[in-house]
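Chains, contacts and geometry: an overview
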Number of protein chains: 2
Amino acid sequence: MGKVALGPQSLVYPMPAMLVGANVDGKPNFMAVAWGGIACGEPPMISVAIQHVRHTLKGIKQNQTFSVNIPSVDLVKETDHCGMVSGAKADKVRACHFEVFYGQLGNAPLIAQCPVNLECRVVQILNLGSHSLVIGRIEETYVSEECLTEGRPDVDKIKPLTYVTSPAARYQGLGEVLGKAWSVGKRLA
Amino acid sequence: MGKVALGPQSLVYPMPAMLVGANVDGKPNFMAVAWGGIACGEPPMISVAIQHVRHTLKGIKQNQTFSVNIPSVDLVKETDHCGMVSGAKADKVRACHFEVFYGQLGNAPLIAQCPVNLECRVVQILNLGSHSLVIGRIEETYVSEECLTEGRPDVDKIKPLTYVTSPAARYQGLGEVLGKAWSVGKRLA
């Protein structure tokens, strides 16, 4: 099995398609972020990588709060729109018809239409080069009622998007269930 | 659309199923990691969250290098096995029949059977609570020859796994293509 060295690349499969939100000058704004993931279990934390110039980052710094919203496959156009347009030039909330609500932190805007919403307080912002890595503590988790099964978030109802970059940037849904974790590995031997 | 507050949860959809590798006391070891993602674009960096006691973390600290290997759907059993068993007690490389190779760093073990391999040098390790967030600079990217299309990594040939935690922890493949990024959002209006 031959390997080809391609030089340093930011190549992880799959990536989540997240909508990161913040109030910028008091107005809710959202951007699409694929670069990020859970950073700690206890307390629960998440990291998102954002270019320094981004409008949403300005709001994160102003309030030291932000949100991570998980869109469903139904929101693929809105998600892509939030990745293409800057909130400095356009009102993305209006264009996407987002219904915004606030939780316990009071100034981290959350998108009602997204089935999962994480309300976060900034723990640390690292300047890593082209991007700031924003690490936030997840203070509260909101899930749409109709996406719960016996009180637990249900991925089959949430229907999340994934963002894939190569060979072409595109969005995909989740596919076939391949096995239970902490279980299928027992059958190795 | 009603929302239910579930308390702080580490709930992101979807997560990647990555195999993070390091030489521990000179011997290659791999663990399954779902908590992580790209942390910077230029230079390319990745973050992975690892519990302090984990055997692989010991190796990462010893060498200040590690690898991130993206398994394909064919490796679901091996991936789960690497998440269930500690390298302190068992030789996972042998159990999984992994063919290990080394790249330019010399001591970050890479898995030949995984279609994508990132070779990383530690930039920073943050103690965030239950987990250490290891941030690494991606020094080289290796892709299996048969997973390239016109020289670019092709997700349809790579066939990555995704790890989903709720309502039950399981592995899924990627599904339907929903739209091109930087494109489908134009159709919003």
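This paragraph deals with the overall build of chain A. Scanning chain A for helices and strands turns up 4 helices and 15 strands. In terms of C-alpha radius of gyration, chain A reaches 17 Å, essentially the compact-globule figure of 16 Å for 189 residues. On the principal axes, the C-alpha backbone points of chain A span a range of 55 × 45 × 35 Å. Residue burial in chain A is summarised as follows: out of 189 residues, 61% are buried. Sequence separation of at least 24 residues holds for 59% of the intrachain contacts in chain A that already meet a minimum separation of 6. Of the roughly 7100 Å² of accessible surface on chain A, 48% is carried by carbon and sulfur atoms. Across chain A, the centroid of the 18 positively charged side chains sits 8 Å from that of the 16 negatively charged ones.

Contact with chain B, which involves 104 residues of that partner, is made by 104 residues of chain A. For the pairing of chain B and chain A, the buried interface totals around 8700 Å² over both sides, and the portion due to carbon and sulfur atoms is 66%. One can count 2 salt bridges joining chain B with chain A. Connecting chain B to chain A are 54 residue pairs in polar contact (both at pLDDT 80 or more). If one sorts the elements of the side of chain B that touches chain A by residue count, strand 15 (residues 170–180) of chain B sits on top with 11 residues. Taken together, the residues that form the side of chain B that touches chain A break down as 59 nonpolar, 28 polar and 17 charged. Two elements, strand 15 (residues 170–180) of chain A and strand 15 of chain B, share 7 bridges in a ladder whose sense is antiparallel.

This prediction gives chain A a mean pLDDT of 96; 99% of its residues lie at or above 70. This complex was scored by the predictor with a pTM of 0.97 and an ipTM of 0.97.

Moving on, we get to the relation of the copies chain B and chain A. At an RMSD of 0.0 Å, chain B and chain A line up after a rotation of 180° and a shift of 0.0 Å along the axis. Both copies are brought into coincidence by an operation consistent with a two-fold rotation axis. Rotation axis and chain B: the residue whose C-alpha lies nearest the axis is Gly 175 of chain B, separated from it by 1.9 Å. Comparing interface residues between copies, 100% of those in chain B also lie at the interface in chain A; the contact surface is shared.

Attention now moves to the nonpolar core. Membership of the largest hydrophobic core comes to 97 residues, with the highest contact counts inside it found for Ile 46, Phe 66 and Val 68 of chain A together with Ile 46, Phe 66 and Val 68 of chain B. Excluding anything up to four places from it in sequence, Val 68 of chain A contacts Met 18, Leu 19, Val 20, Ile 46, Val 48, Val 116, Asn 117, Leu 118 and Cys 120 of chain A.

Another point: the pattern of salt bridges. Residue and element names in this part refer to chain A. Tallying each qualifying case throughout the model produces 6 salt bridges over all chains. Residue Asp 25 is joined to Lys 58 by a salt bridge in which the shortest nitrogen-to-oxygen separation is 3.2 Å. Here Lys 58 lies in helix 1 (residues 55–63) and Asp 25 lies in the loop between strand 3 (18–24) and strand 4 (27–33), a separation of 33 residues in the sequence.

Strand order across the open sheet formed by 6 strands is 2(A)-14(A)-15(A)-15(B)-14(B)-2(B), with antiparallel pairing between neighbours. Unpaired on one side and paired on the other, strand 2 (15–16) of chain A together with strand 2 (15–16) of chain B mark the two borders of the sheet.

Another aspect to go through is the pairing of strand 4 of chain A. Inspection of the sheet shows strand 3 of chain A paired to strand 4 of chain A by 7 bridges, in the antiparallel sense. Paired with Val 20 of chain A across the bridge in strand 4 of chain A is Met 31 of chain A.

Right, let's get into the layout of surface pockets. Its volume calculated, the largest pocket comes out at about 540 Å³. Forming the walls of the largest pocket are 26 residues, and the residues nearest its centre are Ala 32, Val 33, Ala 34 and Tyr 163 of chain A together with Trp 182 of chain B. Elements that contribute at least two residues to the lining of the largest pocket include exactly strand 4, strand 6 (45–51) and helix 2 (76–84) of chain A. By residue number, the principal contributor to the lining of the largest pocket is helix 2 of chain A, which donates 4 residues. Class assignment of the residues belonging to the lining of the largest pocket gives a composition of 16 nonpolar, 8 polar and 2 charged.

A word on the packing of aromatic side chains. Pairs of aromatic rings are described using the distance from one ring centre to the other and the angle between the two planes. Residues and elements named next belong to chain A. Within this structure, the stated rule accounts for 6 aromatic pairs over all chains. On the basis of an interplanar angle of 90° and a centroid distance of 5.7 Å, the ring pair of Phe 101 and Tyr 142 is categorised as edge-to-face. Separated by 41 residues along the polypeptide, Phe 101 in strand 8 (residues 100–102) and Tyr 142 in strand 11 (residues 131–144) bring together distant segments of the chain. The pair formed by Phe 101 and Tyr 142 is uniform in burial state, with each residue classed as buried.

What counts and what doesn't
- Residues numbered from 1 in each chain as written.
- Chains lettered and ligands numbered in written order.
- Predicted model: local features only at pLDDT ≥ 70, side-chain atom pairs only at ≥ 80, totals over all residues.
- Heavy atoms only, no water.
- Helix = DSSP H or I, 4+ residues; strand = E, 2+ residues; numbered from the N terminus.
- Rg over C-alpha atoms; globule rule 2.2 N^0.38 Å.
- Buried < 20%, exposed > 50% of the residue type's maximum accessible area, 1.4 Å probe, protein only.
- Contact = heavy atoms within 4.5 Å.
- Areas by Shrake-Rupley, 256 points an atom, 1.4 Å probe, with all protein chains shown as cover.
- Lys, Arg positive; Asp, Glu negative; His and termini not counted.
- Charge placed at Lys NZ, Arg CZ, Asp CG, Glu CD.
- Buried area = accessible area lost by both parts, 1.4 Å probe.
- Salt bridge = Lys/Arg side-chain N within 4 Å of Asp/Glu carboxyl O.
- Polar contact = N/O pair within 3.5 Å; in protein donor to acceptor, adjacent residues only side chain to side chain.
- Nonpolar A, V, L, I, M, F, W, Y, C, P; charged D, E, K, R; others polar.
- Pairing = 2+ DSSP bridges.
- pLDDT = per-residue confidence, 0-100.
- Least-squares fit on C-alpha atoms with pLDDT ≥ 70 in both.
- Core = buried A, V, L, I, M, F, W, Y, C linked by side-chain atoms within 4.5 Å.
- 1 Å grid on protein atoms, 1.4 Å probe; cavity = no way out; pocket = protein on both sides within 12 Å on 5 of 7 lines; lining within 4 Å.
- Points joined across faces, edges and corners; volume = space filled by probe spheres on them.
- Phe/Tyr/Trp six-rings, centres within 6.5 Å; stacked < 30°, edge-to-face > 60°.

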